[in-house]
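Analysis of the macromolecular model
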Amino acid sequence: MITDAEREMTNYAHAGNLKSRIDLYRYREPRFDPVDTAVELLPKEGLGLVLDVGAGIGRYTRRLRAEHPRAAVVAIDKSPGMLAEVEAPVMVADAQAIPYPDDSADAVLAMHMLYHVADVAEALAEFRRVLKPGGTFLASTNIAGDMAEIGAVWERAARSTTGPGAYDFNTALDGFNSASAPAPLRAAFDTVEEFREEGVVKVPEPGPLLGYLASLRSWADCEDAAFDALLEAAARELAGHFAEHRTFDFTKTAVFYRCH
Ligand SMILES: C[S@@+](CC[C@H](N)C(=O)[O-])C[C@H]1O[C@@H](n2cnc3c(N)ncnc32)[C@H](O)[C@@H]1O
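Residues numbered from 1 in each chain as written. Predicted model: local features only at pLDDT ≥ 70, side-chain atom pairs only at ≥ 80, totals over all residues. Heavy atoms only, no water.

On to the pairing of strand β2 (residues 49–53). Counting buried residues in β2 gives five out of five residues, a clear majority hidden from the surface. Across the two faces of β2 the burial is the same, with Leu 49, Leu 51 and Val 53 and Val 50 and Asp 52 all buried. Summarising the sheet, β2 and strand β3 (residues 72–77) pair through five bridges and their orientation is parallel. Paired with Asp 52 across the two strands is Ala 75, which belongs to β3. Running through helix α4 (residues 59–67), the crossover from β2 to the neighbouring parallel element β3 is right-handed. (Buried < 20%, exposed > 50% of the residue type's maximum accessible area, 1.4 Å probe, protein only. Helix = DSSP H or I, 4+ residues; strand = E, 2+ residues; numbered from the N terminus. Pairing = 2+ DSSP bridges. Right-handed = clockwise from strand over helix to strand, strands pointing away.)

Shown next as structure tokens:
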């Protein structure tokens with residue numbers, strides 16, 4: 001029996017799956033880079049130690065090192081494979097047990113990662129513990145119901161292939177989204193500010209959409225053949241869509257929380 005945690009480690013064993021998902025957002029309108037928003041929301045100066053937790057391929061880490069050359073920006077991730085291409089200092093660690101002393105960091109980031117953490121409240125308590133008094137915690141995630149248009153394609157394809165229970169595209173990330181995040185954040189921090197970046201992704205061809213769906217393979221509780229059949233069913237549906245429409249459109253709205 002494969003556990004959810006093992007499925008997640010398989011998905012994040014290397015950078016390829018995450019890169020496929022990020023690739024889809026190059027068609028977003030208006031154009032937007034979440035890294036720009038993070039830079040805007042963090043203090044402009046005076047940062048010493050910054051911990052980028054769940055750093056993945058290090059896109060925030062890299063930019064923050066460039067913006068704050070005097071700061072020590074450490075990329076932390078549970079998966080060593082994700083950190084393989086990120087320059088030192090990097091650290092393999094879990095968000096729920098960060099190997100830094102109390103009151104040591106000026107800023108902690110948890111960008112699009114808290115929905116993967118087993119115990120969100122425990123991770124938030126850990127972020128608060130390592131932050132200096134007055135330090136900044138920044139998190140990002142998706143709005144509730146994000147990408148429902150792709151979720152509908154997935155669901156129809158799953159019905160006749162993997163079965164609907166293999167993976168629930170529409171609720172898998174609900175553990176930390178715009179609906180579920182505010183309560184634990186308010187419990188852990190004194191102030192919580194919310195910022196939204198609304199957008200629509202208009203994809204001009206099926207390839208990147210199928211790449212996105214394919215990147216979810218390790219999370220689906222089914223045989224490879226059933227997952228291949230799901231991708232084929234989705235490809236047929238998308239071919240029908242593109243026969244009539246120039247683009248496949250879906251909502252993509254990111255939400256950021258700045259906490260003290
Ligand atoms: C969706 S990616 C986001 C990566 C990066 N923050 C970004 O936005 O580009 C989620 C990352 O969180 C990591 N992760 C998941 N659970 C974690 C945990 N409990 N502790 C540390 N990292 C974790 C995964 O390995 C993956 O690299």
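Having seen it, we continue.
What follows covers the pattern of salt bridges. Under the counting rule described, the total for this entry stands at 16 salt bridges. In this structure, Asp 221 engages Arg 7 in a salt bridge whose closest nitrogen and oxygen atoms are separated by 3.0 Å. Of the two residues, Asp 221 sits in the loop between α8 (206–214) and α9 (224–244) while Arg 7 sits in helix α1 (residues 4–11), which places them 214 residues apart along the sequence. Exposure remark for Asp 221: the relative accessible area of 48% places this residue in the partly exposed category. Here Asp 146 ties to Lys 252 by a salt bridge, and the two come within 2.8 Å at their closest N and O atoms. Of this pair, Asp 146 sits in the loop between β6 (131–142) and α6 (148–159) while Lys 252 sits in the loop between β9 (248–251) and β10 (254–259), placing them 106 residues apart in sequence. With relative accessibility at 9%, the residue Lys 252 sits in the buried group. Residues joined by salt bridges that share partners form a network here, namely Asp 36, Arg 63 and Glu 67. (Salt bridge = Lys/Arg side-chain N within 4 Å of Asp/Glu carboxyl O.)

Among the 20 residues in the neighbourhood of the ligand, the closest are listed as Gly 54, Arg 59, Asp 77, Ala 95 and Met 111. Here Gly 54 contributes a backbone N or O atom positioned 2.7 Å from a nitrogen atom of the ligand. At 3.3 Å, a side-chain N or O of Asp 94 approaches a nitrogen atom of the ligand. Protein chains bury 97% of the 600 Å² of accessible surface belonging to the ligand in isolation. Across the shell around the ligand, the residue classes break down as 10 nonpolar, five polar and five charged. (Near = heavy atom within 4 Å. Polar contact = N/O pair within 3.5 Å; in protein donor to acceptor, adjacent residues only side chain to side chain. Areas by Shrake-Rupley, 256 points an atom, 1.4 Å probe, with all protein chains shown as cover. Nonpolar A, V, L, I, M, F, W, Y, C, P; charged D, E, K, R; others polar.)

Turning to the sheet that holds β9, a few remarks are in order. Read across the open sheet, the three strands follow the order β1-β8-β9; overall the sheet is antiparallel. The sheet is open, and its two borders are formed by β1 (28–29) and β9, each paired with just one other strand.

Listed in full, the buried residues belonging to α4 are Tyr 60, Thr 61 and Leu 64. For α4, the buried positions fall inside an angular range of 100° around the axis, keeping them on one side. (Arc of directions from axis to C-beta.)

With respect to the element layout, Arg 21 can be found in helix α2 (residues 16–23). Buried and unpaired, Arg 21 has Glu 8 as its nearest opposite-charge partner, separated by 9.1 Å. In terms of polar contacts, Arg 21 uses its side chain to reach the side chain of Asn 11, at 3.0 Å. Within polar-contact distance, the side chain of Arg 21 engages the side chain of Tyr 12 at 3.4 Å. Apart from the residues lying within four places of it in its own chain, the contact partners of Arg 21 are Asn 11, Tyr 12, Tyr 212, Ser 215, Leu 216 and Trp 219. (Lys, Arg positive; Asp, Glu negative; His and termini not counted. Contact = heavy atoms within 4.5 Å.)

Here the focus is the sheet that holds β6. Taken in spatial order, the seven strands of this open sheet run β4-β3-β2-β5-β6-β10-β7, and their pairing is mixed. In this open sheet, the two strands that pair with only one neighbour each are β4 (90–92) and β7 (192–197). Strand-to-strand, the axes of this sheet are offset by a mean angle of 20°, without reference to chain direction. As paired elements, β7 and β10 share six bridges and run antiparallel to each other. By the bridge assignment for β10, Glu 197 is matched with Ala 254. Each of β2, β3, β5 (105–111) and β6 is contacted by α4, which is oriented at about 175° to β3, the strand it contacts most. (Axes fitted to C-alpha atoms, helices over the stretch in contact; angles between N-to-C directions.)

Along the chain, Asp 52 falls in strand β2. Of the side chains with opposite charge, Arg 65 comes closest to the buried, unpaired Asp 52, at an N-O distance of 7.9 Å.

Going through the model one piece at a time under the given rule, you end up with nine aromatic pairs. Ring centres of Phe 176 and Tyr 257 lie 6.4 Å apart, and the angle between their planes is 75°; on these two criteria the pair is classed as edge-to-face. Of this pair, Phe 176 sits in the loop between α6 and α7 (182–188) while Tyr 257 is found in strand β10, placing the two residues 81 residues apart along the sequence. Taken as a pair, Phe 176 and Tyr 257 share a single burial class, namely buried. Grouped by ring-pair contacts, the aromatic residues Trp 154, Tyr 167, Phe 169, Tyr 212 and Phe 227 constitute a single cluster. (Phe/Tyr/Trp six-rings, centres within 6.5 Å; stacked < 30°, edge-to-face > 60°.)

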